[in-house]
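As a plain string of letters, each chain reads:
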Amino acid sequence: NAGVTQTPKFQVLKTGQSMTLQCAQDMNHNSMYWYRQDPGMGLRLIYYSASEGTTDKGEVPNGYNVSRLNKREFSLRLESAAPSQTSVYFCASSEASGQVYNEQFFGPGTRLTVL
Amino acid sequence: QQPVQSPQAVILREGEDAVINCSSSKALYSVHWYRQKHGEAPVFLMILLKGGEQKGHDKISASFNEKKQQSSLYLTASQLSYSGTYFCGTLFSGGYNKLIFGAGTRLAVHP
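Residues numbered from 1 in each chain as written. Chains lettered and ligands numbered in written order. Predicted model: local features only at pLDDT ≥ 70, side-chain atom pairs only at ≥ 80, totals over all residues. Heavy atoms only, no water.

A. Quick peek at the overall build of chain A. In terms of helices and strands, chain A carries zero helices and eleven strands. Listing every helix and strand of chain A by position from the N terminus yields β-β-β-β-β-β-β-β-β-β-β. Scaling as 2.2 N^0.38, a compact globule of 115 residues should have a C-alpha radius of gyration of about 13 Å, and chain A matches this with 13 Å. Each principal axis of the C-alpha atoms in chain A carries an extent, and together these give about 40 × 25 × 25 Å. When burial is assessed residue by residue, chain A has 49% of its 115 residues classed as buried. Contacts in chain A between residues at least 24 apart in sequence constitute 55% of all its contacts with a sequence separation of at least 6. As displayed, chain A has an accessible area near 5,100 Å², and 50% of this comes from carbon and sulfur atoms. Positive and negative side-chain charges of chain A, numbering 10 and 9 respectively, have mean locations separated by a distance of 8 Å. (Helix = DSSP H or I, 4+ residues; strand = E, 2+ residues; numbered from the N terminus. Rg over C-alpha atoms; globule rule 2.2 N^0.38 Å. Buried < 20%, exposed > 50% of the residue type's maximum accessible area, 1.4 Å probe, protein only. Contact = heavy atoms within 4.5 Å. Areas by Shrake-Rupley, 256 points an atom, 1.4 Å probe, with all protein chains shown as cover. Lys, Arg positive; Asp, Glu negative; His and termini not counted. Charge placed at Lys NZ, Arg CZ, Asp CG, Glu CD.)

So this is what it looks like as structure tokens:
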């Protein structure tokens, strides 16, 4: 049981380049999330997907797009990377149904540097 | 809407106690606590729900004061393994687990 996996672990981009961060979970969770973490800022939600086929914006969605490919996979795309997007990106998943709120399981993170 | 955590940092010796607070200016539905060690992913500790229900770690306790919109995490008889950054995540209502996290409290436990 791998839990939540993310690829790549590290990435360096030049300003204006595009890339896709991949995330997959094997816990049969309905909900998946993308966060970014900057020093002193905690975790900020970029996008989330409550269930397969749905996505919605979080706190800081500008400059990002997401795709919930199937129940297992949730990808984050940077169309034109900017230095302000240098951060650590975490994917997470949880089982959230009805009014029952459950813990989120986080992946190991992707460390992205935009030059 | 980001919850405010206090203190920002704590230094303890093994065996000492600490309290970490998380406050919101907006009515809360639930508060989640996570711990993150340096270079690792956050790990779930506790969920506290409006109405008093709790779920989580059996060696760490927490409280949720609905009137004050505040939660406190109690770390007693601290161990070296407690070191890390503690984040509270707040959920205002519904929202499919759409948490808003505080900036974190750094805890260092020394021998």
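B. Structural view of the overall build of chain B. Along the backbone of chain B there are zero helices and eleven strands. For chain B, the sequential pattern of α-helices and β-strands runs β-β-β-β-β-β-β-β-β-β-β. Scored against the burial criterion, the 111 residues of chain B give a buried share of 47%. Restricting the contact set of chain B to residue pairs at least 6 apart, pairs at least 24 apart contribute 56%. Only carbon and sulfur atoms are counted for the fraction: they give 49% of the accessible area of chain B, which is about 5,500 Å². Positive and negative side-chain charges of chain B, numbering 11 and 7 respectively, have mean locations separated by a distance of 9 Å.

C. Structural context of the nonpolar core. Judged by nonpolar contacts, the single largest core of 21 residues is most densely connected at Trp33(B), Leu45(B), Met46(B), Leu73(B), Leu75(B), Tyr86(B) and Leu107(B). Secondary-structure elements contributing two or more residues to this core are β2 (9-13), β3 (18-23), β4 (30-36), β5 (43-49), β7 (61-65), β8 (70-75), β9 (84-91) and β11 (105-110) of chain B. Excluding anything up to four places from it in sequence, Leu73(B) contacts Ala18(B), Val19(B), Ile20(B), Trp33(B), Leu45(B), Met46(B), Ile60(B), Ser61(B), Ala62(B) and Tyr86(B). Formed by 19 residues, the second largest nonpolar core is a distinct cluster that contains Val4(A), Leu13(A), Tyr64(A) and Val114(A). (Core = buried A, V, L, I, M, F, W, Y, C linked by side-chain atoms within 4.5 Å.)

D. Summary view of the layout of surface pockets. Reported here for the largest pocket is a volume of approximately 580 Å³. For the largest pocket, the lining is made up of 26 residues, of which Gln37(A), Pro39(A), Gly40(A), Gln36(B) and Phe87(B) are closest to its centre. The greatest single-element share of the lining of the largest pocket, amounting to three residues, is contributed by β9(B). When the residues that make up the lining of the largest pocket are grouped by side-chain class, the tally is six nonpolar, 15 polar and five charged. (1 Å grid on protein atoms, 1.4 Å probe; cavity = no way out; pocket = protein on both sides within 12 Å on 5 of 7 lines; lining within 4 Å. Points joined across faces, edges and corners; volume = space filled by probe spheres on them. Nonpolar A, V, L, I, M, F, W, Y, C, P; charged D, E, K, R; others polar.)

E. Focus on the sheet that holds strand β8 (residues 74-78) of chain A. Residues and elements named next belong to chain A. With antiparallel pairing, four strands are arranged side by side in an open sheet as β1-β3-β8-β7. The two strands at the open ends of the sheet, each matched to only one other strand, are β1 (4-7) and β7 (64-68). Across the sheet, the mean angle separating the axes of adjacent strands is 20° when strand polarity is ignored. As paired elements, strand β3 (residues 19-25) and β8 share three bridges and run antiparallel to each other. Looking across to β8, one finds that Met-19 is bridged to Leu-78. (Pairing = 2+ DSSP bridges. Axes fitted to C-alpha atoms, helices over the stretch in contact; angles between N-to-C directions.)

F. Main features of unusual backbone geometry. Following Thr7(A), the chain continues to Pro8(A) via a peptide bond in cis, the omega torsion being -10°. Cis geometry marks the peptide bond from Ser6(B) to Pro7(B); its omega dihedral reads -5°. Mapped onto the fold, Pro7(B) is located in the loop between β1 (4-6) and β2. Notably, Asn28(A) is not glycine yet its phi reads approximately 60°, a positive angle. Unusually for a residue other than glycine, Gln69(B) sits at a positive phi of about 50°.

G. Structural context of the pattern of salt bridges. All names here are of chain A. Counted by the stated rule, this structure contains three salt bridges over all chains. Two residues, Asp-38 and Arg-36, come together in a salt bridge whose shortest N-O distance is 3.0 Å. The partner of Arg-77 in a salt bridge is Glu-79, and the shortest N-O contact between them spans 3.2 Å. By relative accessible area, Arg-77 is classed as partly exposed at 28%. Classification of Glu-79 as partly exposed rests on a relative accessible area of 43%. (Salt bridge = Lys/Arg side-chain N within 4 Å of Asp/Glu carboxyl O.)

Treat this as a map of the structure, not an account of what it does.
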